[in-house]
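Topology and contacts: notes
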Amino acid sequence: MKAQERFYSLSKGVDALSKEEHGLFFDAVQRLGLPNEVKQAAVALYLDFKCRPIGEYNAEHKNLEIFLIATVSLAAKAMGDLRTDHEFESKMFVSKEKLADAEERILRSFGVQDSIMRFPDLVSQLTKRQIESMAQSFAERELVSNNEREELVRRSNEYLDAAVEKGLTPKMSYRGRAAGVTLKAIRDIGLQISETDIARAAGFDKKSMAINTNIIDALLKDPKVRREESPNAGHSVKK
């Protein structure tokens, strides 16, 4: 079943939202210029998460706004609508760190029980959208050309698919996955992008990114799945 169909099958519609929740969703859709199908998907995702007894959402609604915005971010990526974290920071006035934390809490709740779509499929979809989002942010900052952006996305996805085939667990953060394979692809291509920039684009810290990269590197040591290294591999990325 497609992601869109899963989202719609669970959606209770905006009628199930409180006035405050509906207002926040409407504001997010307007500010970000999101299509209606992303809003519907976000509502379904939010309502599904809200009913989970994980203690992160509470009756006082202290966490209402950040979790609601996080579901919009996840839904946009899952539905194939490319949005950079910078857009959420600048238009929704939310820090990248808080957004990433809320997303991970939502995803962990899905890892415990069956949800909108198979957890590994959801993580894979989100990772690929994050890779595209990161590459787009590099292009917007003129760190890469359009051709380099496309090559970066292609190489990163190749590494991701190979790592998954070798046993990469879906429990690894999707942002961590994206950061790890993107860093590896950047080294392979020989792009001049610092590790700090990569971590920032992923909404991750350098230490965690290094740990995830080492895990992915270890999985890809098999010559059958590993690409031939560029002569510049491991030396072109700024620290």
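Read on for an overview of the structure. (Residues numbered from 1 in each chain as written. Predicted model: local features only at pLDDT ≥ 70, side-chain atom pairs only at ≥ 80, totals over all residues. Heavy atoms only, no water.)

1. Looking at the overall build of the chain
- When you go through the chain residue by residue, the secondary structure sums to 11 helices and 0 strands.
- Moving toward the C terminus, one meets the helices and strands of the chain in the order α-α-α-α-α-α-α-α-α-α-α.
- Evaluated residue by residue, the chain yields a buried proportion of 51% over its 239 residues.
- Within the chain, contacts between residues at least 6 apart in sequence are counted, and of these 79% link residues at least 24 apart.
- Here the chain displays about 11600 Å² of accessible surface, and carbon together with sulfur accounts for 48% of that area. (Helix = DSSP H or I, 4+ residues; strand = E, 2+ residues; numbered from the N terminus. Buried < 20%, exposed > 50% of the residue type's maximum accessible area, 1.4 Å probe, protein only. Contact = heavy atoms within 4.5 Å. Areas by Shrake-Rupley, 256 points an atom, 1.4 Å probe, with all protein chains shown as cover.)

2. A few points about helix α11 (residues 206-219)
- With 14 residues, α11 should cover 20 Å at 1.5 Å per step; its first-to-last C-alpha distance of 20 Å lies within 8% of that length.
- Looking only at α11, the buried set comprises Met-209, Asn-212, Thr-213, Ile-216, Asp-217 and Leu-219. Take α11 and look down its axis: the buried residues cluster within an arc of 155°, on one side only. Away from the buried face of α11 by more than 90 degrees, exposed residues Lys-207 and Asn-214 are located.
- Close packing links the buried residues of α11 with α8 (146-165), α9 (174-189) and α10 (195-202). (Expected span 1.5 Å × (residues − 1). Arc of directions from axis to C-beta.)

3. Quick notes on the pattern of salt bridges
- Applying the stated rule across the entire model yields 13 salt bridges.
- Here Arg-175 ties to Glu-103 by a salt bridge, and the two come within 2.9 Å at their closest N and O atoms. With Arg-175 in helix α9 and Glu-103 in helix α6 (residues 96-112), the pair connects residues that are 72 residues apart, well separated along the chain.
- Residue class for Glu-103 comes out buried when judged on its relative accessible area of 0%.
- The network of salt bridges with shared partners includes Glu-151, Arg-154, Arg-155, Glu-158 and Asp-188. (Salt bridge = Lys/Arg side-chain N within 4 Å of Asp/Glu carboxyl O.)

4. Some points on the packing of aromatic side chains
- As enumerated under the stated definition, the model contains 1 aromatic pair in all.
- Taking NZ or CZ as reference, Lys-184 lies 5.1 Å from the ring centre of Tyr-159, over its face. (Phe/Tyr/Trp six-rings, centres within 6.5 Å; stacked < 30°, edge-to-face > 60°. Lys NZ or Arg CZ within 6 Å of the ring centre and 35° of its normal.)

5. Some remarks on the packing of helix α2 (residues 19-32) against helix α3 (residues 36-50)
- Between α2 and α3, the least distance of the axes is 11 Å, while the angle of their chain directions is 140°. Remark: the crossing between α2 and α3 carries right-handed chirality. Listed contacts from α3 to Glu-21, His-22, Phe-25 and Val-29 of α2 are Lys-39, Ala-42, Val-43, Tyr-46 and Lys-50.
- Its residues assigned to classes, the contact of α2 with α3 comprises 5 nonpolar, 1 polar and 3 charged. (Axes fitted to C-alpha atoms, helices over the stretch in contact; angles between N-to-C directions. Left-handed = near helix turned anticlockwise from the far one by under 90°. Nonpolar A, V, L, I, M, F, W, Y, C, P; charged D, E, K, R; others polar.)

6. Thoughts on the packing of α3 against helix α4 (residues 64-78)
- Taken N-terminus to C-terminus, the directions of α3 and α4 make an angle of 130°; their axes are 8 Å apart at the nearest point. It follows from the interaxial angle that α3 and α4 lie oblique. The handedness of the crossing between α3 and α4 is right-handed. Contacts between α3 and α4 involve Val-38, Ala-41, Ala-42, Leu-45, Tyr-46 and Phe-49 from the former and Leu-64, Phe-67, Leu-68, Thr-71, Val-72, Leu-74, Ala-75 and Ala-76 from the latter.
- Along the lines of polarity and charge, the residues of the contact of α3 with α4 split into 13 nonpolar, 1 polar and no charged. (Parallel < 35°, antiparallel > 145°, perpendicular 65-115°, else oblique.)

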